[in-house]
Each structure stands twice: as structure tokens, then as C-alpha cells.
Amino acid sequence: MGNKLYVGSLAYSVSEQKLSELFSQHGTVSSAKVISDKYSGQSKGFGFVEMGSDEEAQKAIAALNGTQFEGRTIVVNEARPQEDRPRRPRTGGGGGGGSGGGGRGGRSSNRW
């Protein structure tokens, strides 16, 4: 069991402050993080809350999972460790690759 919680189905307007205030009703909040898109800054609708202890985390799950918050029914459960995703190889230039056509006489070889 861990004290880090996943919080899903958040309204896009929920701030880290609001998230922390909600969970602090059920114990000590060590940290609260709303995940946002790195380019647009828009919330992705989920976040993580770290509680002071495993017991407080369990209490928060029991009290908040499936409840309404900011007009949405939120999902609260134990956070799972992030799985290692294979890195895409970086190539120089960043282009999409390919030679753009070809075939005989400048025509495409697919004539269907």
C-alpha cells in the first residue's frame, strides 16, 4: 500500500490548491499535482495527491472515490508506478522520412 493517490475525471478548472483543500479534509496532504499538457498548459483531467500516511490515503479513497467535485464524479485510487515506455529513437532533422514518390517515368507505381 502507498500514500500516493491517482485522482481522475477532474474538471479542467480544478487547480492544485483546490485539490489539496479537498484532500486535506481527510488527512495531511504532502503534495497535490494536476497534470497538464506540456504545450498548451491545459489540464489533462487527472492528477496525483500524496497523503501523509497510508492510513490517511485509505481514508481519502474511501471518502472521495465516486463523489462529486466541481461538477464531475471523481475517481480516487492508489497510484500505480509509471511504467517505463520505450523511447522513440531520435533522428537528426526531425523529418517524416521517405522519398516522396518514385516509380517509372515520374508516375506512381500504384495505378489502382
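So, a few notes on the structure that sits alongside this text. (Residues numbered from 1 in each chain as written. Predicted model: local features only at pLDDT ≥ 70, side-chain atom pairs only at ≥ 80, totals over all residues. Heavy atoms only, no water.)

### Here's the deal with the nonpolar core
And step 1. If you look at the biggest cluster of nonpolar residues, it comprises 20 residues, and the most contacted ones within it are Leu19 and Phe23.
And step 2. Secondary-structure elements contributing two or more residues to this core are β1 (4-8), α1 (16-24), β2 (29-36), β3 (43-51) and α2 (54-64).
And step 3. Top contributing element to this core by residue count: α2, with 4 residues. (Core = buried A, V, L, I, M, F, W, Y, C linked by side-chain atoms within 4.5 Å. Buried < 20%, exposed > 50% of the residue type's maximum accessible area, 1.4 Å probe, protein only. Helix = DSSP H or I, 4+ residues; strand = E, 2+ residues; numbered from the N terminus.)

### What about the packing of aromatic side chains?
And step 1. Across all of its chains, the model carries 3 aromatic pairs by this definition.
And step 2. When the centroid spacing of 5.9 Å and the interplanar angle of 35° are considered together, the rings of Tyr6 and Phe46 count as tilted. Residue Tyr6 is located in strand β1, and its partner Phe46 is located in strand β3; the two are separated by 40 residues in the primary sequence.
And step 3. By relative accessible area, Tyr6 is classed as partly exposed at 27%.
And step 4. When its relative accessible area of 24% is taken as the criterion, Phe46 is described as partly exposed.
And step 5. Relative to Phe48, the ring of Phe46 lies with its centre 6.0 Å away and its plane at 85°, an arrangement referred to as edge-to-face.
And step 6. Looking at Phe48, the relative accessible area reads 23%, which means it is partly exposed.
And step 7. Among the aromatic residues, those joined into a cluster by ring pairs are Tyr6, Phe46 and Phe48.
And step 8. Sitting above the plane of the Phe48 ring, Lys4 keeps its charged end 5.3 Å from the centroid. (Phe/Tyr/Trp six-rings, centres within 6.5 Å; stacked < 30°, edge-to-face > 60°. Lys NZ or Arg CZ within 6 Å of the ring centre and 35° of its normal.)

### Things to note about the pattern of salt bridges
And step 1. Enumeration over the complete set of coordinates arrives at 2 salt bridges.
And step 2. Between Lys33 and Glu16 there is a salt bridge, and its shortest N-O distance comes to 3.7 Å. Note that Lys33 is positioned in strand β2 and Glu16 in helix α1, a separation of 17 residues in sequence.
And step 3. The class of Lys33 is partly exposed, set by a relative accessible area of 46%.
And step 4. For Lys18, the salt bridge goes to Glu70, with nearest N and O atoms at 3.5 Å. Taken as a pair, Lys18 in helix α1 and Glu70 in the loop between β4 (68-69) and β5 (72-73) lie far apart in primary sequence, 52 residues in all.
And step 5. Residue classification places Lys18 among the partly exposed residues on the basis of a relative accessible area of 31%. (Salt bridge = Lys/Arg side-chain N within 4 Å of Asp/Glu carboxyl O.)

In short, shape yes, function no, at least from these values alone.
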